[in-house]
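Structure assessment
The residues making up each chain are set out below.
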Amino acid sequence: MALVGIGTDIVEVARIAEFAKKAGALERIFSDEEIAYCRARKNCFEHLAVRFAAKEAVYKALPFGGVAFKKIAVYNGPDGAPRVQVDDARCAGLKILISLSHTRQYAAAMAVVENA
Ligand SMILES: CC(C)(COP(=O)(O)OP(=O)(O)OC[C@H]1O[C@@H](n2cnc3c(N)ncnc32)[C@H](O)[C@@H]1OP(=O)(O)O)[C@@H](O)C(=O)NCCC(=O)NCCS
């Protein structure tokens with residue numbers, strides 16, 4: 001295993017709540033599955049904010065740019081731990097790990113990219 005990159009990001013939950021008021025804004029960044037996961041939870045905007053932070057963190061950790069956030073999909077495994085799938089051929093052979101944390105005010109994420 002060789003470390004390729006790391007990334008981190010922190011997001012104010014209130015900014016995502018504000019952003020979400022614009023028609024179609026969430027759909028431009030998040031998949032239907034991500035939106036459904038967050039909407040099913042009590043503190044929806046915390047979960048959306050942390051997914052936004054995760055996409056930023058993954059973007060920073062990747063060794064190339066130009067990946068649309070919609071192509072970076074965050075989902076949860078059966079144990080609740082978050083996973084990420086990037087729809088970009090350049091990610092072949094890369095393993096991407098993320099860790100998320102959120103409070104009422106802030107959401108933070110970190111990402112690690114390794115050669116698989
Ligand atoms: C799962 C757990 C780690 C989440 O931590 P938390 O402080 O409650 O909440 P955070 O805001 O930091 O993290 C929430 C995120 O953790 C992630 N998460 C959930 N289960 C996870 C797991 N098993 N492993 C890694 N990450 C996990 C999720 O991404 C979640 O956010 P999401 O629902 O938006 O995807 C926590 O609830 C837990 O079970 N801790 C174990 C505590 C324990 O057993 N302590 C022993 C004391 S002796």
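As shown above, the structure is provided for reference.
Our subject in this report is the structure included herewith. (Residues numbered from 1 in each chain as written. Predicted model: local features only at pLDDT ≥ 70, side-chain atom pairs only at ≥ 80, totals over all residues. Heavy atoms only, no water.)

Side note on the site of the ligand
Which entries qualify depends on this criterion: We call a residue near a molecule or strand whenever a single non-hydrogen atom of that residue lies within 4 Å of it. Identification of polar contacts relies on pairs of N or O atoms within 3.5 Å, with a donor-acceptor requirement for protein atoms, meaning one able to donate a hydrogen and the other able to accept it, and with residues adjacent in sequence counted only if both atoms are side-chain atoms. Per-residue and other accessible areas follow the Shrake-Rupley method at a 1.4 Å probe size, with only the shown protein chains counted as cover for residues. Starting at the N terminus, helices and strands are each numbered in turn, a helix being any DSSP run of H or I of at least four residues and a strand any DSSP run of E of at least two. Each residue receives one of three labels: charged for Asp, Glu, Lys and Arg, nonpolar for Ala, Val, Leu, Ile, Met, Phe, Trp, Tyr, Cys and Pro, and polar for the others, Gly being one of them.
The ligand sits among Tyr 37, His 47, Val 50, Arg 51, Asn 76, Asp 79, Gly 80, Ala 81, Pro 82, Leu 100, Ser 101 and His 102. Between an oxygen atom of the ligand and a side-chain N or O atom of Asn 76, the distance comes to 2.9 Å. At 3.4 Å from an oxygen atom of the ligand is found a main-chain nitrogen or oxygen belonging to Leu 100. Protein burial of the ligand: of its 920 Å² of free accessible surface, 37% is covered by the chains. Secondary structure elements with two or more residues in the shell around the ligand: α4 (44-61) and β4 (94-102). Residues belonging to the shell around the ligand are distributed by class as follows: five nonpolar, five polar and two charged.

A look at the state of the cysteines
This is how the line gets drawn: Cysteine sulfur atoms are paired as a disulfide whenever they come within 2.5 Å of each other.
Counting across every chain of the model gives zero disulfides. Of the cysteine sulfurs around Cys 44, a residue in no disulfide, the closest is that of Cys 38, at 5.7 Å.

So far we have only geometry, and geometry alone does not tell us how the molecule works.
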